[in-house]
Protein chains: 2
Amino acid sequence: VPDLQRLILRHPSGTTPIVVGRGALAETMADLAAWVAERTLFVVSTPRVLELHGEAIGGLDSTAHRTVVLEVEEGEAAKTLQRAGKLWQQMLQDGGKRDSRLLTFGGGSVGDLGGFVAGCFLRGIDYVQLPTTVLAQVDASVGGKTAVDLPAAKNSVGLFHHPAMVVSEIDFLSTLPAPELRSGLVEIIKMALLLDPLLFEQTEADVGALLAGDPAALVRAVAAGAAAKIRVVEADPEEGGQRGLLNFGHTLGHALESVLSYRGLRHGEAVAYGMLFALRLAERRGLEPSLSQRVRRLLERLDLPPLPEVAVEELVEAMGRDKKVRESGRIWVLPAGLGEGRMVRDVASEEVSGDLEAFLSAPFSPT
Amino acid sequence: VPDLQRLILRHPSGTTPIVVGRGALAETMADLAAWVAERTLFVVSTPRVLELHGEAIGGLDSTAHRTVVLEVEEGEAAKTLQRAGKLWQQMLQDGGKRDSRLLTFGGGSVGDLGGFVAGCFLRGIDYVQLPTTVLAQVDASVGGKTAVDLPAAKNSVGLFHHPAMVVSEIDFLSTLPAPELRSGLVEIIKMALLLDPLLFEQTEADVGALLAGDPAALVRAVAAGAAAKIRVVEADPEEGGQRGLLNFGHTLGHALESVLSYRGLRHGEAVAYGMLFALRLAERRGLEPSLSQRVRRLLERLDLPPLPEVAVEELVEAMGRDKKVRESGRIWVLPAGLGEGRMVRDVASEEVSGDLEAFLSAPFSPT
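This one's a predicted model, so the numbers in the text were calculated from it and none came from an experiment. (Residues numbered from 1 in each chain as written. Chains lettered and ligands numbered in written order. Predicted model: local features only at pLDDT ≥ 70, side-chain atom pairs only at ≥ 80, totals over all residues. Heavy atoms only, no water.)

Now for the overall build of chain A. Secondary structure assignment for chain A yields 13 helices and 11 strands. The C-alpha radius of gyration of chain A comes to 20 Å, within 12% of the 21 Å expected for a compact globule of 367 residues. Projected onto the principal axes, the alpha-carbon positions of chain A cover approximately 60 × 40 × 35 Å. Expressed as a percentage of the 367 residues in chain A, the buried residues total 62%. In chain A, of all internal contacts separated by at least 6 residues, the share reaching a separation of at least 24 is 77%. With the model as given, the accessible surface of chain A reaches about 13000 Å², and the carbon-plus-sulfur share is 49%. (Helix = DSSP H or I, 4+ residues; strand = E, 2+ residues; numbered from the N terminus. Rg over C-alpha atoms; globule rule 2.2 N^0.38 Å. Buried < 20%, exposed > 50% of the residue type's maximum accessible area, 1.4 Å probe, protein only. Contact = heavy atoms within 4.5 Å. Areas by Shrake-Rupley, 256 points an atom, 1.4 Å probe, with all protein chains shown as cover.)

Residues and elements named next belong to chain B. The end-to-end C-alpha distance of helix α1 (residues 24-36), which contains 13 residues, comes to 18 Å, matching closely the 18 Å that a straight helix rising 1.5 Å per residue would cover. For α1, the principal kink sits at A30 and spans about 45 degrees. For α1, the full list of buried residues reads A24, L25, T28, M29, L32, A33, W35 and V36. The inward-facing, buried residues of α1 abut β1 (4-11), β2 (14-21), β3 (40-45), β5 (101-106), β6 (126-131) and β9 (165-169). (Expected span 1.5 Å × (residues − 1). Bend = angle between axes of the 7 residues up to and from the residue.)

With an RMSD of 0.0 Å, the fit of chain B onto chain A corresponds to turning through 180 degrees and sliding 0.0 Å along the axis. Overall, the copies show the geometry of a two-fold rotation axis. A symmetric contact is evident, with 100% of the interface residues of chain B recurring at the interface of chain A. (Least-squares fit on C-alpha atoms with pLDDT ≥ 70 in both.)

Residues and elements named next belong to chain B. Taking 1.5 Å per residue as the helical rise, helix α13 (residues 349-361) with its 13 residues ought to reach 18 Å, and the 19 Å between its terminal C-alpha atoms agrees with that figure. Along α13, the largest kink reaches about 35 degrees and is centred on D355. Buried residues in α13 make contact with α9 (250-259), α10 (267-284), α12 (312-321) and β10 (332-337).

Residues and elements named next belong to chain A. Following both chains from N to C, one finds helix α6 (residues 178-195) and helix α10 (residues 267-284) inclined at 40 degrees, their axes separated by 7 Å at the closest point. With respect to their mutual orientation, α6 and α10 come out oblique. When the axes of α6 and α10 are compared, the crossing they make is left-handed. Contacts between α6 and α10 involve P179, R182, S183, V186, E187, I189 and K190 on the former and, on the latter, H267, G268, E269, V271, A272 and M275. Its residues placed into classes, the contact of α6 with α10 shows six nonpolar, three polar and four charged. (Axes fitted to C-alpha atoms, helices over the stretch in contact; angles between N-to-C directions. Parallel < 35°, antiparallel > 145°, perpendicular 65-115°, else oblique. Left-handed = near helix turned anticlockwise from the far one by under 90°. Nonpolar A, V, L, I, M, F, W, Y, C, P; charged D, E, K, R; others polar.)

This paragraph deals with the side chain of B:R243. Residues and elements named next belong to chain B. Note that R243 resides in the loop between α8 (215-235) and α9. With relative accessibility at 1%, the residue R243 sits in the buried group. Within the structure, the side chain of R243 is placed 3.1 Å from the backbone oxygen of G143, a separation counted as a polar contact. Of note is the side chain of R243, whose polar atom sits 2.7 Å from the backbone oxygen of P237. Residues contacting R243, with those up to four places away along its chain left out, are V142, G143, K145, F160, V232, V233, D236 and P237. (Polar contact = N/O pair within 3.5 Å; in protein donor to acceptor, adjacent residues only side chain to side chain.)

Looking at chain A as a whole, the pLDDT averages 94, with 98% of positions reaching at least 70. Interface confidence for the predicted complex, given as ipTM, is 0.91, next to a pTM of 0.92. (pLDDT = per-residue confidence, 0-100.)

All names here are of chain B. With respect to the helices and strands, the residue A336 is situated in strand β10. For the pair A336 and L276, spaced 60 residues apart in sequence, the C-alpha to C-alpha distance is 14 Å. If sequence neighbours within four positions are ignored, A336 has contacts with L287, G341 and R342.

We now examine the interface of chain B and chain A. By a frequent convention, interface size equals the accessible area lost on bringing the separate parts together. Between chain B and chain A, the residue contacts involve 41 residues of the former and 41 residues of the latter. Interface area, chain B with chain A, both sides summed: about 3400 Å², of which 58% is carbon and sulfur. For the pair chain B and chain A, the number of links is zero salt bridges. Put simply, chain B and chain A have eight residue pairs in polar contact (both at pLDDT 80 or more) between them. Elements supplying a minimum of two residues to the side of chain B that touches chain A: α3 (81-93), α4 (108-120), β7 (145-150) and β8 (153-160) of chain B. Tallying contributions element by element places β8(B) first for the side of chain B that touches chain A, with seven residues. (Buried area = accessible area lost by both parts, 1.4 Å probe. Salt bridge = Lys/Arg side-chain N within 4 Å of Asp/Glu carboxyl O.)

For the rest of this paragraph, the subject is the packing of α3(B) against α4(B). All names here are of chain B. Contact geometry for α3 and α4: axes closest at 10 Å, N-to-C directions at 50 degrees. Considering their axes alone, α3 and α4 lie oblique with respect to each other. Here the hand of the crossing between α3 and α4 comes out right-handed. Contacts between α3 and α4 involve L81, R83, A84, L87, W88 and M91 from the first element and L113, F116, V117 and C120 from the second.

Below, the discussion takes up unusual backbone geometry. Although it is not a glycine, A:L122 sits at a positive phi angle of roughly 55 degrees. Residue position: A:L122 is located in the loop between α4 (108-120) and β6 (126-131).

Now for the sheet that holds strand β4 (residues 66-71) of chain A. All names here are of chain A. Spatially, seven strands are ordered β1-β2-β9-β6-β5-β3-β4 in an open sheet, and the strand pairing comes out mixed. Of all strands in the sheet, those with a lone pairing partner are β1 (4-11) and β4, marking the two edges. Neighbour to neighbour, the strand axes of the sheet diverge by 15 degrees on average, direction disregarded. Helix-sheet contacts for α4 involve β3 (40-45), β5 (101-106) and β6, and the interaxial angle to β5 is about 165 degrees. Helix α8 (residues 215-235) contacts β1 and β2 (14-21) of the sheet and is inclined by roughly 15 degrees relative to β1. (Pairing = 2+ DSSP bridges.)

Looking now at the packing of aromatic side chains. Aromatic rings in a pair are described by how distant their centres are and how their planes are angled relative to each other. Per the counting criterion, the structure on display carries eight aromatic pairs over all chains. With 5.1 Å between their ring centres and 65 degrees between their planes, A:F277 and A:F359 make a pair best called edge-to-face. Placement of A:F277 in helix α10 and of A:F359 in helix α13 (residues 349-361) is noted, with a sequence separation of 82 residues between them. This pair shows no difference in class: A:F277 is buried, exactly as A:F359 is. Each ring, one from B:W88 and one from B:F116, has its centre 5.5 Å from the other, and the planes form 55 degrees; the classification is tilted. Taken together, the residues B:W88 in helix α3 and B:F116 in helix α4 connect sequence positions 28 residues apart. Just as B:W88 is buried, B:F116 falls in that class too. A cation over an aromatic ring shows up here: A:R330 above the ring of A:W332, its NZ or CZ 6.0 Å from the ring centre. (Phe/Tyr/Trp six-rings, centres within 6.5 Å; stacked < 30°, edge-to-face > 60°. Lys NZ or Arg CZ within 6 Å of the ring centre and 35° of its normal.)

Our next topic: the pairing of strand β4 (residues 66-71) of chain B. Looking along a regular strand, one sees the side chains alternate between the two faces of the sheet. Residues and elements named next belong to chain B. In this structure, β3 lies alongside β4, joined through six bridges in parallel fashion. Looking at the pairing, V43 lines up with V69 of β4. In the classification by handedness, the crossover that spans β3, the intervening helix α2 (residues 47-53) and the parallel β4 is right-handed. (Right-handed = clockwise from strand over helix to strand, strands pointing away.)

Structural data, given as structure tokens:
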């Protein structure tokens, strides 16, 4: 595996180069500098990311007409309509035009918010994603999804707006706190289990190195995870079918996050618990116990924080609000084998609510 | 000219049938009923439109799973981010899903807001436009533009989201107040002058009948205007070039609206004054005075309300905030002949501010 991989995502509005690796930013700096030349550049980022890595994008100042930094809150807290509204106001005041540029520089929340802001400002301006977490590099930055949250449901307002480029600089991951790294690995395991048996085996072998932040292991895992996601997104750009597979673990995961008001568990950690619950449903539908045990063992290696106390009824209600529910009912994504997922409609709400109590008290146990 | 015309708009995300005429709604009712079958239908409309014409869409209740009416303010006042946020909240509470449907039923503001709400709800749901004003039928509903306003600039937040169908029922125009009818005719004159000499001559001949609300004249003018707009939009779906021609009159028009806080002049009336000003710039660049006099005479027939008092400096400042300004500078759209428009970059801001004083005191005079 080379230090740098150039991937391409083809989508209905064009193509997005996705550059993953050590030195990805240096490698693409000339392209980025040309892209911002003579334009106003808006940088959506957090104080923390700017302090740790702001210097790395300093080179853009020399070609941009001017650079306007838009600081936002860390994490999900930034993804509100109010925050988006304030950014738009500020961009107008600072002379933003249709040919201005926007760079998202941070984790998944910064990318989701910044992409939404770019997508709706003057009916859409070009943007580039510079994701700084594993989660954002492997998942959130790939596929053009943008969104903010409403109090009633996460990601409920947004649009598909593909970035002009994604630059996934692996060296930025060196400053990630351990829980953030772990949260990102959950999404890699999720994609590996459903889409890529080789990546699953590689992750089993590499999990120690990945948790220790080993750059070579991270390049391998992030590039393979992003490539797996690209394949799914290209087959189903606007989530009509196969892209729904990526929601494995997210049904209960999103409900957990919502009930906990996005505090107490990170996104990936909540998804890990969602995967553990889905494994129980899958086992009842014929998933080999040896495989579900392998997944449990791998997730156990991540040393997740314990599941906070939550009420079954609240979880059930939150799942009903999830935007993936269609009028025709809820679809569960369940693993069917290594590298194989299935969309399942036959899960009665009684089975879910009946099983949740047992699951919440012992999430790593089989049914 | 038959009573009913079926037009088609081809755009990057598919095709939009646009049905214009007397009885257009009855003609398409079966299609609409199938489209909402078993779904939640959200109807974005105003109390006034619902009172006048609500019965006409009652037939949809029988096939929809349920109908949720979302009432919004009349006119530009509805086009705020706050209003959109409240609608999204309510749609979530009422069980809106990705396969729910939305119908905009009203004038251009209802269509702009409703289209934006549909475009961003759960990353986009299908919607149909049922425009009830000339302006909305001939212009706002054609081309997929959606938007809300920010305090600093109109239509500054939005996206391209094409409706599944547009149904322009000419019989709805019978209840339009005269100033609203007049405001719509301005946009028809605008498109005719730049794009369609025959429509211009037809409008000169029909202007009395149009102002009197004659249905046959309205079918002719609205269908021809919508067809002219379709040709421009198809050539330039996301306003990179030719579509900019439709901004004739809008540079000063938008600035007038903004300085007047969207009170005192309707959109079309403001655009009419914008066209009158642009004629002065065009005459200095060689437009035949006989043609500009024809345009002035036609606009005079509309009996516009007088231009409220506004300060030149405020207008100049508002024009600088317009979203059509690129970083490379402002482009003016000027008529070059009958059926011919031109994008002009050589208009110095000194010429504009120098000429505004004279124009404001005598808007119908030539230079």
